[in-house]
Number of protein chains: 2
Amino acid sequence: MKGYNGRILRVNLTAGQFSTEEPSEDYYKLYLGGRGFIVHTLLTELPQGIDPLGPENKLIFSLGSITGHPLVGSGKNSIGSKSPLTGGFGESEVGGFWGAELKKSGYDAIIVEGISNKPVYLWIDNGSVEIRDGKELWGLEVADAEKAMQEELGDKKIRTAIIGPAGEKLVRYACILNDISHVAGRTGMGAVMGSKKLKAIAVRGKKSPEMADKEKVKELSRWMAQNFKEKTGMWRYGTGSGIVDYERTGNMPVKNFRGGRFPGAEKITAQLLAEKYVTKMGNCFMCPIRCKKIIKMEKPWSVDPIYGGPEYETLAALGSNCGIDNLEALIKAHELCGRYGLDSISTGVSISFAMECFEKGILTSEDTDGLELTFGNVEAMIEMVERIALRKGFGDLLAEGTKRASERIGKGSEEFAIHVKGVEIPMHEPRYKQGMGLSYSVHATGPDHNTGIHDDRVNKDLASLESIDIAESIPSTELSTRKARMVYHAGLWRHLANYVGLCLFVPWSHQQVRDAMEAITGWPMSYWKLMKAVERGITLARIFNIREGFAAKDDKLPRRFATSPAKGPLKGVVVEPEKLEEAQKVYYQMLGWDESGIPTNGRLVELGIEWAAEYLEEAR
Amino acid sequence: MKGYNGRILRVNLTAGQFSTEEPSEDYYKLYLGGRGFIVHTLLTELPQGIDPLGPENKLIFSLGSITGHPLVGSGKNSIGSKSPLTGGFGESEVGGFWGAELKKSGYDAIIVEGISNKPVYLWIDNGSVEIRDGKELWGLEVADAEKAMQEELGDKKIRTAIIGPAGEKLVRYACILNDISHVAGRTGMGAVMGSKKLKAIAVRGKKSPEMADKEKVKELSRWMAQNFKEKTGMWRYGTGSGIVDYERTGNMPVKNFRGGRFPGAEKITAQLLAEKYVTKMGNCFMCPIRCKKIIKMEKPWSVDPIYGGPEYETLAALGSNCGIDNLEALIKAHELCGRYGLDSISTGVSISFAMECFEKGILTSEDTDGLELTFGNVEAMIEMVERIALRKGFGDLLAEGTKRASERIGKGSEEFAIHVKGVEIPMHEPRYKQGMGLSYSVHATGPDHNTGIHDDRVNKDLASLESIDIAESIPSTELSTRKARMVYHAGLWRHLANYVGLCLFVPWSHQQVRDAMEAITGWPMSYWKLMKAVERGITLARIFNIREGFAAKDDKLPRRFATSPAKGPLKGVVVEPEKLEEAQKVYYQMLGWDESGIPTNGRLVELGIEWAAEYLEEAR
């Protein structure tokens, strides 16, 4: 009769102990799951000012309210912690099967505390929990680690969340991988996991989650299975099929976001991938769309198909953004990011940062251990992925992320560090998608293309978005207060997907999500109530960051975007700082914050989180 | 295919001309109907500072988005104008059949401008419009006026909106009556109509309104017809069946809101009315609930059954509030209010004000033309209704409303004038229902028990209200920031009923209203979008008032409520001014206004009403 197990597993690795908690139903109604659960827990449990890689940080795996239920697209879960990249609220979402398996094991979330004195992994077998010795796993690449656990546990069907060597070595943008090929990439969650000496969480579960109205859930899922092909093209190529168009419009970053044309774009498309290397399409839990590429490639590099194929973000971050149009090299680099457990966006942007420094003479081959780190140097790019992951030589510096690396290098290199709050910017040019740019600047976790809005896509999707009060098509390159309105309304919707654990690639309508929430949880539901839960989460995340010292001044984009590329589609296009500031101010106010981005007491009361005022006090 | 005709009739009585306008579909999507349409029109069309009873004021009749569609409870329409009681935004809603008939005639709203140089009435015959001579109607009581029009037009099936002699004489709380017995009572709309020399609007219509999904509408209506008896008791006695309980709790005002017990309550209940005088129950358009009383009484006073029977507000305002427990006298006074076209709430509170002044010696029988205006004096109360309506003697002063009357009388009588912003307070004690008290204080039209929340009823209705984010039961007498939260969420819902033209007595769920809106209009709809439309209207109404000179200081309750009755259920209970102010501040912020109640730029942008900023400028 309910869409949550109500059970939280709390594991303390310092003590080697664990316990189970059952928050009240009211708690879940207020905060939902995903980011909502995470931010509440982090804010209320983490002391101010702790070291993200120290024992006081906590790493939280949280399912959305719908995760693991038999509804198309419900394979998502969130992972959150104080971010080692930003020092603020960190969070990343991920698909695959692990989240659904955790649901079936009877848990909705895992809170990992403390630091183990030796490598361990967690084994959750249908509700029973074991902290196991991870010595044999430590140092293994991701797929090898899964295989070793399968053998040790004698179960081929385990689902896994694993870090690679990069996480072990505390690369600040190390990722956590679900089932080897699904990546929680952003904000350095893999480093936090590594700091705790937790190699993996293996899960098996056999309990079917309960639902208030099973028939309704089935009906919704059937409808989607029958209709998705008309509503999304994701089943054809997954992400990356729009690359030629992205290059033409300027959306796809070129050479560390400097802009200009990149004719090689047509050599790195998802269409070409499909033609040459994709053997079949893979999927996540309960999803007929199958947007994940399975790759077979032997030459010029051999790759293990188990790591899947590169998504658009990877093709752009390590491709166009590094001046590289060698598809095979990108397939290999993607596989390496998987093996080692690196976020391919931050990896690509860190490398492109170094390439620009190299070009400008700020770095020389002396600094890079002899590597000619020029834009377009395929071998150097691939080599750098490995050096970053293993913190070898110059890689050790880039493993700190562009913000820290540029601060250490100095000499004006800060200009080439393309990050917000320390997180490298994803592959959507804020000069082209200026709503996305605004999103990047204000989001608690730094630049996030999931919760951020894709201006041009919103314009194409108005017929559906009208139901959530988005009324007008606005040019992608416009930055204005009305664009802030679009970011607000559509952004809440994109956040919601995270809180309920649904994939944004599945074309659910707003009303269907409401219906699904009510059918699964049995809770009286309105889209209003869902949006209020999201505003609650966003506001708590803001408060978390304020307490950690963030303020409106940190809601900024790299200066590069205030200048225009000399040529190419973005010639003459800039993100005007005054417009950005004006749009931010109204965005804050839309969320019920004051003009400095500090939540008002009235909004806290409205959202039923008056208790959070004390954390704002703490910040003073 | 749409839930609006899209046609507005604009009538200029000064010029004797009319025209038809067709606002865009986008316009209706933003502002909906009812209050939403009215406030937009008044704000954008009325110059600042005009005389409510002068030629520049406009009187607007506006249907809700659903009014007149075949859905249970869709008989409501709104009437709005600059209020002669407050000088700010005025509006009153009303049921009956007239609104649905206007819909069938092809119009969604009528904007009446200017002032005729002689009495007229408007005749809308299935879309064709005529401004007709009203000389013969002028001076007639309401039912007589309808009869005269029926005869003159040769049509017994006309539906009418009429003012009585009180409206003609500009009694500041004169009402407008739909179909004789349905009353748009509050804020003096009848006086505005009278000032324009417009006696009535008679309507016939034959066009069935179009709908996007007729089957869905029928299905919803069938469901309600089958289920209403389980969800509301209104079909039994209509309003007034809770009087004994209201007296016990302190909700029912006693002797000009001074409080104390009123044992006579049990003599004026709807149950007794039903037992002794109700012959059958009447209804509004498309409503099986039939909550309207039809009365037969010959002695000690004879009444015309056509005026229906007294509702709770009337039984309390002229009854307990005047110290009167004579049921027959209340039936008669109700009928007189109908005949003359008086708002029974303001009438009752004006009389109780005078009674208290009389008791205190501030007024004597010299002032009252010999009337012994004591609490409980039945004959004097009935006499005063007539004198007010016809502005006879002392009645002329009370016809100005308690605010103006007390200002003229002076001598401390202001303490006994129980109004907010000039509108007399309805029959729900703000000390007992402190959420209602907060509502009274902040609403643009003054104290409004329709859009205000009934604290105790909200507590009983939590299972349904949970879907719009109301989580907790809060004692009725508590005033706090969390109570402000209840007022915010539940208040928006109660406003919404007005905007869409649905009766709050029909137990539609939030989701059903969303469904109905989508089925009727064909517009993609979410409850979020509906609430945003309401916030839009509330914010525009606030701006209207700010431009007319209102500020947070005017959001206040009479001082009486800061003191406690010496005995009775409210002994020891007060509305604490500091708590009220604190609750107001957070309420403002919930609406995206600053702490002084001025809408922030961000909220204007969020709601897509940036254009309204210029009116705030004008206020400075």
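Refer to the preceding data block for the structure.
Residues numbered from 1 in each chain as written. Chains lettered and ligands numbered in written order. Predicted model: local features only at pLDDT ≥ 70, side-chain atom pairs only at ≥ 80, totals over all residues. Heavy atoms only, no water.

Trainee: How should I be thinking about the relation of the copies chain A and chain B in this particular structure?
Mentor: At an RMSD of 0.0 Å, chain A and chain B line up after a rotation of 180° and a shift of 0.0 Å along the axis. This pairing of chains is accounted for by a two-fold axis. Considering only C-alpha atoms, the part of chain A nearest the rotation axis is Trp 528 of chain A, at 2.2 Å. Most of the interface of chain A is mirrored in chain B: 100% of its interface residues are interface residues there too. (Least-squares fit on C-alpha atoms with pLDDT ≥ 70 in both. Contact = heavy atoms within 4.5 Å.)

Trainee: I keep staring at the sheet that holds strand E2 (residues 17-21) of chain B and nothing clicks. Help me out?
Mentor: Sheet strands pair by backbone hydrogen bonding; their relative direction is either parallel or antiparallel. Residues and elements named next belong to chain B. Pairing is mixed across the open sheet formed by six strands, whose spatial order is E2-E1-E6-E3-E4-E5. Strand pairing shows two members of the sheet lacking a second neighbour, E2 and strand E5 (89-94), which therefore form its edges. When the angles between neighbouring strand axes are averaged without regard to direction, this sheet yields 15°. Note that strand E3 (residues 59-63) and strand E6 (residues 109-113) share four bridges and pair antiparallel. If you follow Leu 59 over to E6, its bridge partner there is Val 112. (Pairing = 2+ DSSP bridges. Helix = DSSP H or I, 4+ residues; strand = E, 2+ residues; numbered from the N terminus. Axes fitted to C-alpha atoms, helices over the stretch in contact; angles between N-to-C directions.)

Trainee: Would you mind going over the pairing of strand E8 (residues 128-133) of chain A with me for this structure?
Mentor: Residues in a regular strand point their side chains to alternate faces of the sheet. Residues and elements named next belong to chain A. Bridge analysis of strand E7 (residues 120-125) against E8 gives six bridges, and the strand direction is antiparallel. Across the sheet, residue Ile 124 finds its bridge partner in E8, namely Val 129. Connecting E7 to the antiparallel partner E8 that follows it, the hairpin turn spans two residues, and Asn 126 within it adopts a positive phi of roughly 55°.

Trainee: Help me understand the sheet that holds strand E2 (residues 17-21) of chain A in this model?
Mentor: Residues and elements named next belong to chain A. Here six strands make up an open sheet; going across it, the order is E2-E1-E6-E3-E4-E5 and the pairing mixed. What marks the edges here is a single partner per strand, and that holds for E2 and strand E5 (89-94). In this sheet, neighbouring strand axes are inclined to one another by 15° on average, regardless of whether the strands run parallel or antiparallel.

Trainee: Sorry, what's going on with the packing of helix H11 (residues 312-319) of chain B against helix H12 (residues 327-340) of chain B here?
Mentor: When two helices pack together, their arrangement is given by the angle between the helix axes and the distance between those axes. Residues and elements named next belong to chain B. Put simply, H11 and H12 touch, their axes get as near as 10 Å, and they point 110° apart. Classified by the angle their axes make, H11 and H12 are roughly perpendicular. Where H11 approaches H12, its residues Thr 314, Leu 315, Leu 318 and Gly 319 are matched on the opposing element by Leu 327, Leu 330, Ala 333, His 334 and Cys 337. Class assignment for the residues of the contact of H11 with H12 results in six nonpolar, three polar and no charged. (Parallel < 35°, antiparallel > 145°, perpendicular 65-115°, else oblique. Nonpolar A, V, L, I, M, F, W, Y, C, P; charged D, E, K, R; others polar.)

Trainee: I'm lost on the interface of chain A and chain B in this one. Help?
Mentor: At the interface, 38 residues of chain A touch 38 residues of chain B. Contact between chain A and chain B buries roughly 3,200 Å² in total, counting both sides, with carbon and sulfur atoms accounting for 54%. On the chain A side of the contact with chain B, Glu 466, Trp 528 and Glu 606 of chain A bury the most area, a combined 22% of that side's loss. Joining chain A to chain B, the criterion identifies six salt bridges. Among the ionic pairs, Arg 536 of chain B bridges to Asp 469 of chain A, the shortest N-O distance being 2.9 Å. The interface formed by chain A and chain B holds 18 residue pairs in polar contact (both at pLDDT 80 or more) in total. (Buried area = accessible area lost by both parts, 1.4 Å probe. Salt bridge = Lys/Arg side-chain N within 4 Å of Asp/Glu carboxyl O. Polar contact = N/O pair within 3.5 Å; in protein donor to acceptor, adjacent residues only side chain to side chain.)

Trainee: I would appreciate a short explanation of the side chain of Ser 526 of chain A in the present structure.
Mentor: Within the secondary structure, Ser 526 of chain A is located in the loop between helix H21 (510-521) and helix H22 (527-547). The exposure class assigned to Ser 526 of chain A is buried, which follows from its relative accessible area of 2%. When residues no more than four places from it in sequence are discounted, the contact partners of Ser 526 of chain A are Arg 514 of chain A together with Ser 467, Ile 468 and Tyr 527 of chain B. (Buried < 20%, exposed > 50% of the residue type's maximum accessible area, 1.4 Å probe, protein only.)

Trainee: Would you explain helix H13 (residues 344-359) of chain B in this entry?
Mentor: Along an α-helix, residues three or four positions apart point the same way, because every turn accommodates 3.6 residues. Residue and element names in this part refer to chain B. Between the first and last C-alpha of H13 there are 22 Å, a value that for 16 residues agrees with the 22 Å anticipated at 1.5 Å per step. Of all 16 residues in H13, 15 are buried, a share of seventy percent or more. One or two positions beyond H13, positive phi appears at Gly 361, with a value near 80°. (Expected span 1.5 Å × (residues − 1).)

Trainee: What is the right way to look at the pattern of salt bridges in this model?
Mentor: Oppositely charged side chains may form a pair once their charged atoms are brought near each other. All names here are of chain B. Summed over all chains, the structure comprises 120 salt bridges over all chains. A salt bridge links Lys 82 to Glu 548; the nearest nitrogen and oxygen atoms lie 2.7 Å apart. Here Lys 82, found in strand E4 (residues 77-82), pairs with Glu 548, found in the loop between helix H22 (527-547) and helix H23 (577-590); they are 466 residues apart in sequence, far enough to count as distant. Take Lys 82: its relative accessible area is 3%, and that puts it in the buried class. Glu 472 is paired through a salt bridge with Arg 482; the nearest N and O atoms lie 3.1 Å apart.

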